[in-house]
Amino acid sequence: MSVRGLNHFTIMSTDLEATRRFYLEALQMEEGPRPAMGFPGLWLYAASEAVLHIIAVEEAAVSRNTVIDHVAFSAVGLRETVERFKALGLKHRYKKTMEGGWQFFCRDPDGATIELDFSSTEEAPAP
């Protein structure tokens, strides 16, 4: 056995609709097929792959203490992403890495930290 890559990650959401809107509008993922599982949730896709599974839960089921610090996605379109987040009124920050690329950070509605990694060839966002 050897690990070949990341298949998906799963988050719990206390507000499924707010979480759906965040990932569809802010991160421009796509909602796609999800098997009947007997509990509410959704699967979100990037490049035709179901990379994010979301499970709807009650507030009491969500623990803010976790060993996972954040989840990172490769992304394109830094300037457009910053403009979209500003237009949606979503908190975010970004920085140039020592290697010359860009890191963009935000939180989803339940507090999960998301990192978007952009190439060094991306233009700097407008001030």
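The structure reproduced in this document is the subject of the present report. (Residues numbered from 1 in each chain as written. Predicted model: local features only at pLDDT ≥ 70, side-chain atom pairs only at ≥ 80, totals over all residues. Heavy atoms only, no water.)

1. Examining the pattern of salt bridges
Pairing of side chains with opposite charge becomes possible as their charged atoms draw close. A full pass over the atoms with the stated rule returns four salt bridges. Residue Arg20 pairs with Glu31 through a salt bridge whose shortest N-O separation is 2.9 Å. You can see Arg20 sitting in helix 1 (residues 16-26) and its partner Glu31 sitting in strand 2 (residues 30-32), a full 11 residues away along the chain. A relative accessible area of 39% places Glu31 in the partly exposed class. (Salt bridge = Lys/Arg side-chain N within 4 Å of Asp/Glu carboxyl O. Helix = DSSP H or I, 4+ residues; strand = E, 2+ residues; numbered from the N terminus. Buried < 20%, exposed > 50% of the residue type's maximum accessible area, 1.4 Å probe, protein only.)

2. Notes on the packing of helix 1 against helix 2 (residues 78-88)
The angle between the axes and the distance between the axes are what describe a pair of packed helices. Taken N-terminus to C-terminus, the directions of helix 1 and helix 2 make an angle of 140°; their axes are 10 Å apart at the nearest point. Classified by the angle their axes make, helix 1 and helix 2 are oblique. Side by side, helix 1 and helix 2 meet where Phe22, Glu25 and Ala26 of the first sit next to Arg84, Phe85 and Leu88 of the second. Across the contact of helix 1 with helix 2, the residue classes break down as four nonpolar, no polar and two charged. (Axes fitted to C-alpha atoms, helices over the stretch in contact; angles between N-to-C directions. Parallel < 35°, antiparallel > 145°, perpendicular 65-115°, else oblique. Contact = heavy atoms within 4.5 Å. Nonpolar A, V, L, I, M, F, W, Y, C, P; charged D, E, K, R; others polar.)

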